[in-house]
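Observations on the three-dimensional arrangement
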Amino acid sequence: MAVTGIGLGRSPRAVAYAGETIEDPALACDDLSDWRFGGTAMAQTIRNPVEWLSDELRELARGFGLAGRSVRRTSEHLVSPQLAVHRIDVGDLKDALVKGFDDFGAYRTDILFLIVIYPIISLVIIAASFNYELIPLLFPLASGSVIMGPFVGVFLYEMSRRRELNFERHHEDNHSWANAVTVFHSRNFGAIVLLGIILVGLYLVWLGVAWWLYHVISGPQPLYSVGKFVQDLLFTEAGWWLIGLGCGLGFLFAVLALVITNVSFPLLLDREVGLATAISTSIRAALANPGPIAAWGLIVVAGLVIGAIPLFIGLVVVMPVLCHATWHLYRKLVPKQAPAPPPHHRRKAAAAMPAALSAGTLEEEGTSEGQTVALIIVAVAVASILFHVLSPWYWTPIASNWSYIDHTITITFWITGFVFTAILLFTGYCIWRFHHRPGVKAAYEPESTKMELWLTGGTTLGVAAMLAPGLIVWNQFITVPETATEIEVVGQQWQWNYRLPGTDGKLGAFDTKHVTAENPLGLNPNDPNGQDDIVVSAEDLHLPTGKPIKVLLRSIDVLHDFYVPEFRAKMDMIPGMVTYFWFTPTRTGTFEVLCAELCGSGHAYMRSRVVVEEEAEYQAWLAQRQTFAQLMQAQQKQAAK
């Protein structure tokens, strides 16, 4: 029958046959880029930029709406009939690679990957340069591409699928990257996203296992340089164990990802199947072809390794080729679906239900906005998790005994992060699961005792889990060891002064009435315990490592706060009061002192340094310092002259 009209635009949805409007699922799904009238290609014209932008935004919103509906559909169609799988051999792998390279040459997706890969690599390197603690994660982050690759490759699978479809229908393919974004139009987009979230979770678990393994084998000591890390990794027994066990565990994660995704993503793009069916088909394909699938896994790993050697530049070719080839591997593993029946078989059914189709269209249009919001909320939750895991901003390497403070904050982060993510995901679920439907009325339930009990109990446990570690650490924080050596820190605008005990091990008394230009700390000149005190004015403070120190804090003028980030402990300094905290330096080094309380215009410049050194070096420095009595005598002689 002759075609009498067709809807114009990027996404035609209906074809008119002699006055009948027929929904064409194939056209709706495939959204081909080249439409023809009676075999003659339509002439393309230059459109108004404003009109073009408006249509593009409308198509984008529509794509998100379709994605939202597909997420809802995923929960209702997890399982579908099982599909047959073919047996293949190594020759089929070669053919898949050849076809993948052909798709790569047609689309030039190396440019797309160049745009994506190098910014990510740069961010990781910058993060590692800011925080040496991330250096042990560089290899797990890079090797994790084997786990995340199938999810990242979804857009390239779609490009290969559309190229194949255009070729079969004798349509000219425009080889546009825009073909990739039609993934959002897939009826299985929700299942694709859910499977991607599973892979993201597997990737994060792999990073956690790698981090745990590093700390178990190498211990909690902080890193100071990349060179030291590489030396320990390659030339120590612990490093060899780390390489062996890390590669072994990574191999298990990679095998798991390969088994569940070798055909699942392409299958979800190609057919209307449930997520569980896609995963089970992938597993059955791996079990039916253990040799070829293992060889394919080795090809993927070898390609990624070779591509990463020349400063990662090879990945912009290797990854697109492997992704395109995966689509063709799927074609060989899973029998192709029978072609759809001709349009005239569907004509009567479509004409018989125009009202139903119209109602369904109205319902889809009415619910797309809410489901788009749900997708955005889920994306915020996932992005928040990734930002926390990959963020370069973290604590400085600790240099005291107060790792308990770090552990307490980490527990708080985990609890609040879990609650935050759970609330976002629950909100998103409610939006798309219970969105408005015509003719459906919500049930009114003013209260639920069961839900209130669960919420109250869960909140109580969460708050208790956050408070209990803090109370325990606080008790340790205020309980000073009897063997602790007392030192005094005095703050004044805008410098730090220090006082250490002399040979008697005691600090002398002080009083503000004794404060003078010659005696800025107000030490009592008549107190014998203070005569041998060591006064350090506006210079570096030296401390021995491995010995508990009780820091007495006082201020002469305004509020100050003595803070060394690596020591973790700090306390406000209040005029007229003596506050304190204690800590044990655990490693040598030079650490910057900051004032953590706004104290005036020179607040940013109120800095000093603490030098932690071995006992012998500390005693040598201490022997060179003058006592309070010696300083007073020197000042008196200077005044007499």
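Please read all numbers here as calculations on a predicted model, not as lab measurements.

About the thresholds
- Residues numbered from 1 in each chain as written.
- Predicted model: local features only at pLDDT ≥ 70, side-chain atom pairs only at ≥ 80, totals over all residues.
- Heavy atoms only, no water.
- Helix = DSSP H or I, 4+ residues; strand = E, 2+ residues; numbered from the N terminus.
- Contact = heavy atoms within 4.5 Å.
- Areas by Shrake-Rupley, 256 points an atom, 1.4 Å probe, with all protein chains shown as cover.
- Pairing = 2+ DSSP bridges.
- Axes fitted to C-alpha atoms, helices over the stretch in contact; angles between N-to-C directions.
- Buried < 20%, exposed > 50% of the residue type's maximum accessible area, 1.4 Å probe, protein only.
- Core = buried A, V, L, I, M, F, W, Y, C linked by side-chain atoms within 4.5 Å.
- Phe/Tyr/Trp six-rings, centres within 6.5 Å; stacked < 30°, edge-to-face > 60°.
- Lys NZ or Arg CZ within 6 Å of the ring centre and 35° of its normal.
- Polar contact = N/O pair within 3.5 Å; in protein donor to acceptor, adjacent residues only side chain to side chain.

Along the chain, the regular secondary structure elements total 20 helices and 15 strands. Restricting the contact set of the chain to residue pairs at least 6 apart, pairs at least 24 apart contribute 76%. On the chain, roughly 35,000 Å² of surface is accessible, and the fraction owed to carbon and sulfur atoms is 67%.

Pairing within the open sheet is mixed, and its 5 strands lie in the order β9-β15-β14-β11-β12. Every other strand in the sheet has two partners, leaving β9 (541-544) and β12 (570-573) as the edge strands with one partner each. Pairwise comparison of adjacent strand axes, ignoring direction, gives a mean angle of 25 degrees for this sheet. Relative to β12, strand β11 (residues 560-563) is paired through 4 bridges, and the arrangement is antiparallel.

In this section: the pairing of β9. Burial of β9 is two-sided: the residues Leu541 and Leu543 facing one way and the residues His542 and Pro544 facing the other way are all buried. Relative to strand β15 (residues 608-613), β9 runs parallel, the two sharing 4 bridges. Among the inter-strand pairings, Pro544 is bridged to a residue of β15, identified as Glu613.

Nonpolar side chains tend to gather and get buried jointly when the protein is soluble and globular. With 55 residues, the main nonpolar core has Ile147, Leu268 and Leu333 as its most contacted residues. The greatest single-element share of this core, amounting to 11 residues, is contributed by helix α8 (residues 189-218). Residues contacting Leu333, with those up to four places away along its chain left out, are Ala84, Val85, His86, Ile88, Asn262, Val263, Ala285, Asn289 and Ile293. Counting residues in hydrophobic clusters, the runner-up holds 35 residues, among them Trp402, Leu553, Val612 and Trp621.

This model, assessed by the stated rule, comprises 15 aromatic pairs. Between Trp496 and Phe562, the ring centres sit 5.4 Å apart and the planes meet at 80 degrees, which makes this aromatic pair edge-to-face. Of this pair, Trp496 sits in strand β7 (residues 495-500) while Phe562 is found in strand β11, placing the two residues 66 residues apart along the sequence. Grouping residues by exposure puts Trp496 and Phe562 together as buried. Ring-pair connections join several aromatic residues into one group, and the members of that group are Trp402, Tyr404, Trp474, Phe477 and Trp582. When the ring centre of Tyr580 is taken as reference, the NZ or CZ atom of Lys550 above it lies at 4.8 Å.

On to the sheet that holds strand β6 (residues 485-492), then. Taken together, the 5 strands give an open sheet; going across it, the order is β8-β7-β6-β10-β13, and neighbouring strands pair in mixed fashion. In the strand order of this sheet, the two ends are held by β8 (534-537) and β13 (579-583), each with one partner. Taking each pair of neighbouring strands and ignoring which way they run, the sheet shows an average axis angle of 20 degrees. Bridging between β7 and β8 involves 4 bridges; their strand directions are antiparallel. Pairing of Tyr498 across the sheet is with Val536, part of β8.

A word on the side chain of Ser555. For Ser555, the position within the fold is in strand β10 (residues 549-555). For Ser555, a relative accessible area of 8% gives the class buried. A polar contact of 3.4 Å, which involves the side chain of Ser555, links it to the backbone nitrogen of Asp557. Beyond its immediate chain neighbours, meaning those up to four positions away, Ser555 contacts Gly491, His560, Met573, Ile574, Pro575 and Gly576.

Below, the discussion takes up the side chain of Ser264. Considering the arrangement of structural elements, one finds Ser264 in helix α11 (residues 264-270). Separated by 2.8 Å, the side chain of Ser264 and the backbone oxygen of Ile260 make a polar contact. Sequence-distant contacts of Ser264, defined by excluding residues within four places in its chain, comprise Leu195, Ala278, Ile279 and Ser282.

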